[in-house]
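Coordinates in review
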Amino acid sequence: MANGLLQSSNKNEEPEDIGNRYIHELWSRSFFQELEDVPFGFTFKMHDLVHDLALSVAQNDVSSTGSVRHLCFKLLGQGASLLPNNMGHLRTLVLRSNKEQKAGSEPLIDECISRSKHSLETLDLSCREGIEELPKDIRYLISLRVLAPNSPSNMLIQDCDNLISLPQGLKYLTALENLVIKGCEKLDLSMDVELGGKEDGSLRKLLIAGLPKVESLPQWILLGSTKTLQHLYILGLENLSTLPTWFLYLISLQTLEIGYCPGLSSLPEGTQRLTALQELRIEGCAKLVERCKEETGEDWPKIAHVPRITIS
């Protein structure tokens, strides 16, 4: 997608959907092997012959001139003087840090955003040791589709031990489609965020996992995307006791996974209104599992319409 390789005759088709179609087509022709659909993408192996061909084709595709499109920068305490000047068309930015680096990354990150705020599509801050809060100017990344602050292969905010809150500016990322918030021990999601009266978000996939301070899921975390969210994963929230009322308004929800939330004892009344739901997985939630047993569980009528159900 970042290289402009995805094409479709349907102007309304989302780039991610085009890319998924490409992946399955290549898989069917044995270019890819062992394809597995995982929550936020695919894993697969490339055939040895295809790998050799790709290396042969790409060996001369390196240029030090023109506008920079994809940049990976390792933070070693340097200033912005080492950044390229031609970042006006930057689409992918990956920033990394050493484990020994504890602070001092924020000014360089702010400068990167300032130079590429009208073009950046993917921001990967793989530098959790060097950052304590997300940039305040993140609201100006009007083209941002992927926010991935810790891993070059996933879209996530993960294992940020010192992160206690998310910036108010998140609500302005109306083009953001995938968000993972995972393994942040001090993170509190209960901050007061005004989203306004209109639903203008485009979030499609949301994963919230391993946040011990979270007792309830606020509506702002949807970023105004109750009509667009298709996949929701709620995992390892040990103090979560109920699902929120906005859960019933996810009219496009296709996949719901709830795992290892021992405090959850039932599904909300009206869950049967989620008519778009195609797959439900419940694991490691003893009380909820008991209530959702086929035919005999008290909550079974709420989910009987779902084609694929896995409960363990």
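Description of the structure in this document. (Residues numbered from 1 in each chain as written. Predicted model: local features only at pLDDT ≥ 70, side-chain atom pairs only at ≥ 80, totals over all residues. Heavy atoms only, no water.)

1. Looking at the overall build of the protein
Summing up its helical and strand segments, the protein has five helices and 13 strands in all. Looking at the 312 residues of the protein, the share that counts as buried comes to 42%. At a minimum sequence separation of 6, the contacts of the protein that also span at least 24 residues come to 61%. (Helix = DSSP H or I, 4+ residues; strand = E, 2+ residues; numbered from the N terminus. Buried < 20%, exposed > 50% of the residue type's maximum accessible area, 1.4 Å probe, protein only. Contact = heavy atoms within 4.5 Å.)

2. Comments concerning the pairing of strand β8 (residues 178–182)
Regular strands place side chains that alternate from one sheet face to the opposite one. Of all five residues in β8, four are buried; the element is thus mostly enclosed. Direction of pairing for strand β7 (residues 157–158) relative to β8: parallel, over a ladder of two bridges. Its bridge partner lying in β8, Ile157 is registered against Ile181. As paired elements, β8 and strand β9 (residues 205–209) share five bridges and run parallel to each other. For Ile181, the partnering residue across the bridge sits in β9 and is Ile208. (Pairing = 2+ DSSP bridges.)

3. Considerations on helix α1 (residues 15–28)
Side chains of residues three or four places apart in an α-helix project in the same direction, reflecting 3.6 residues per turn. Here α1 spans 20 Å end to end across 14 residues, near enough to the 20 Å set by a 1.5 Å rise per residue. Three or more residues of α1 are buried, namely Glu16, Ile18, Gly19 and Ile23. Looking straight down α1, one finds that the buried residues subtend no more than 160° of arc, so they occupy a single side. (Expected span 1.5 Å × (residues − 1). Arc of directions from axis to C-beta.)

4. A few points about unusual backbone geometry
A positive phi is found at Tyr260, a non-glycine position, where the angle reads about 55°. Along the chain, the position of Tyr260 falls in the loop between β11 (255–259) and β12 (279–283). Classification of Tyr260 by relative accessible area gives partly exposed; the value is 48%.

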